[in-house]
Every structure is written in C-alpha cells, then in structure tokens.
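Structural features, examined
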Amino acid sequence: MEVKVTNEHNKKRLDVFLSGIADISRNQAKLLIEDGEVSVNGKIVKKPSYKVKEGDIVNFEIPEPVPLNVEPENIPVEIVYEDKDVVVVNKPAGMVVHPAPGHYTGTLVNALLYHCKDLQGINGTIRPGIVHRIDKDTAGLLVIAKNDNAQNCLIEQFKRRSVGRFYRAFVHGIVKKDKDRIVLPIGRDKYNRKKFSPNTTSPKEAITNYQVIKRFEKLNFTDIRCKLETGRTHQIRVHMSYLGHPLLGDETYSFKLTKVKDNTLKELIKEMNMHALCAYYLAFDHPSTGKRMEFEVDLPEKMKKILDYAEKEK
C-alpha cells in the first residue's frame, strides 16, 4: 500500500502514523518497521521513531494473519440451538470470542471445537466460523457457521442488515427522549488505540436505535433497549457515552462509580464485573431452509440483581 503524508500527520512518528493509517496497533506497526516492511520515499526505514514529513511517500504491506493452532478445550458453554449448519450460543461476560494475542486459550472458539464435533473451516484461522462478535465483557447471543455455505450466507445477511439484534443496557443518568436514532460514525480513537470514538482517522458508519424501557429516577439510571443497524466495535458503548449516558460499569467509556450515590447499587455494580449490556435477541434466516430463526435469552444474573433492586427502590 502506498500513502502520501498530509499536513495532518506532519512530524508524527512513523509507528504512530502507520498504526493510524493502517488501523493496526502501534506494536504491530513497530514490528513491521523493524522487520524492514516499510519504506519512506523508496528507502527502507527501520526506526519506529522516524518522523514523517508532509509529502513523504510511505509504502508498506501488512502480511496475511498467521493461522493459529486452536486447541479444543472443555469449557462450559450454553448452546441455545444447533444443527448441521449453525450453532447459536449464549456467551457469558468475560469470555473472548476468538483467539487473539493475549487470548489464545479459554475462548469461545476453543470451547466450540470441543463441544461441536462437526465444525468445518474453524481450526487454523483467526476468526473460525465467527460471522459477528460481541465484546469480551458483554453477554449474549451469537450465531456461528459450521460450514462454508452457512458462513457465506450469514455474512451476506449481515451486509444486508437483515439480521435482527437487540440489546438491553443499563445506562447512567436519566435518558430524556423515549426513543432516538443515533447516527455517529466511529473508528479507532486517534490517541487511545484501545478505544473507539468519533475522534478517529478512519470513521465508519455506525447507527444505533434506542428505546427507553424504564427510568429509575431515585437511583439515577435508565434501562434501555438498543437495536443495531450496524455492528461496529464498542458501538453501543461509544454512542451512549457520547450522549452522556455511559453504561453502568463501563469505566473505559466514562462511567464513574464515584457518581453513584446509592451504596447498595454501587456494590451491585462492583460485583457485576462487566458493563451492563446483554445481546438478548437474535434473528436470522436459516442458511439452508430460509426459515426465520429467532432466539431470546434472559439477562445475566448480575444485571437481574440490579434490576430487582431498582424495582424495589423505585
């Protein structure tokens, strides 16, 4: 790939510039540079600290992901539905969906390799059979393809936005509008690569529809339902934080436990050890039969505890 440095990036470190342009981590950019995979104005540059200048021509190639040797692991996983084409699971909060640096074991893929003996096209790839994801600390429903035909069909449905996805979330503060449609492009944050935000060099369309289920004035939080039109990383978390209503427990996106005045609620949020978000409803057309498949699960117990307490205190 060839990129010309603009005034916006003038005098930036090469690793910082590359991570922003290529949407990779700064560490990945550093390794590419040190491996001699990056040139500036036709010359290989191996110093991550090299400062690029406006008008410089930067060339680089990002190698294909290295296949992972994914091992089956006997990890409990709630299978909601399964046939020869798909498996629908209710992922617990705290579980990573697929292997990645720092999480090569204990993932949903490791668990599925053990529990589903007829999975195809899974072993040896970074995102085996996974056509969509939810965050590590989000609980809820996922559909996984078991063969190439099912995977291609589901991917196409996600592209057409015909997959139904609803989330429940508890957000800090009292949301004023009963419902709204948030249209706010987001991408990896310019200054914090672990976060996503509107402050990005690579914005992607992101649309969230929300509806208020109940307002708990006394405890200063709102129970909402969200319907996704797009599925960007951290989308609901970013959008609600942008509105000034971060998810309970989501300190990455501005939630402050110190702002919670009720001591019991404060303890329940601490015990939750997740952000208050659950992908509770999922619908898609079956890859083989075309039949509309619909699934719904209960809120995680820790979210239920908060809701039960709020109902008593209202």
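This write-up is about the structure you can find in this document.

Nonpolar side chains in soluble globular proteins tend to end up buried together. Counting residues in hydrophobic clusters, the biggest one holds 41 residues, and the most contacted among them are Phe170, Phe221, Ile269 and Phe284. The set of elements that each furnish at least two residues to this core consists of strand E6 (86-91), strand E7 (139-145), helix H4 (148-160), strand E8 (164-172), helix H6 (263-272), strand E14 (277-285), strand E15 (292-296) and helix H7 (301-313). Sorting elements by how many residues they give to this core places E14 first, with six residues. Ranked by size, the runner-up nonpolar core spans 39 residues in total, among them Val89, Leu119, Val238 and Tyr253.

Attention shifts here to the environment of Met95. Relative to the helices and strands, Met95 resides in the loop between E6 and helix H3 (108-115). Contact partners of Met95, with chain neighbours within four places excluded, come to Ile75, Pro76, Gly106, Thr107, Leu108 and Lys136.

For the rest of this paragraph, the subject is helix H5 (residues 235-242). Burial analysis of H5 places seven of its eight residues in the buried class, the great majority of the element. For H5, the complete set of buried residues consists of Gln235, Ile236, Arg237, Val238, His239, Met240 and Ser241. Where H5 is buried, its residues touch E8, strand E9 (179-183), strand E11 (196-197), strand E12 (207-216), strand E13 (221-228) and E14. The first or second residue beyond H5 is Gly244, which carries a positive phi of 90 degrees.

Basis of the calculations
- For every chain, the first residue of its written sequence is number 1, and the numbers climb from 1 along that sequence.
- In view of the model being predicted, local features appear only for residues whose pLDDT reaches at least 70, and side-chain atom pairs are presented and counted only at 80 or more, with totals across whole chains, interfaces and linings using the full set of residues.
- Hydrogens and water molecules were not included; the side-chain quantities draw on all heavy atoms of the structure.
- What makes a nonpolar core is a set of buried Ala, Val, Leu, Ile, Met, Phe, Trp, Tyr and Cys residues whose side-chain atoms join them at distances within 4.5 Å.
- Note on classification: 1.4 Å probe, protein chains only; a residue is buried when its accessible area is under 20% of the maximum for its type, exposed when over 50%, partly exposed between these limits.
- Secondary structure elements follow DSSP: runs of H or I of four or more residues count as helices, runs of E of two or more count as strands, with numbering from the N terminus.
- The contact criterion used is simple: two residues touch if any of their non-hydrogen atoms lie within 4.5 Å.

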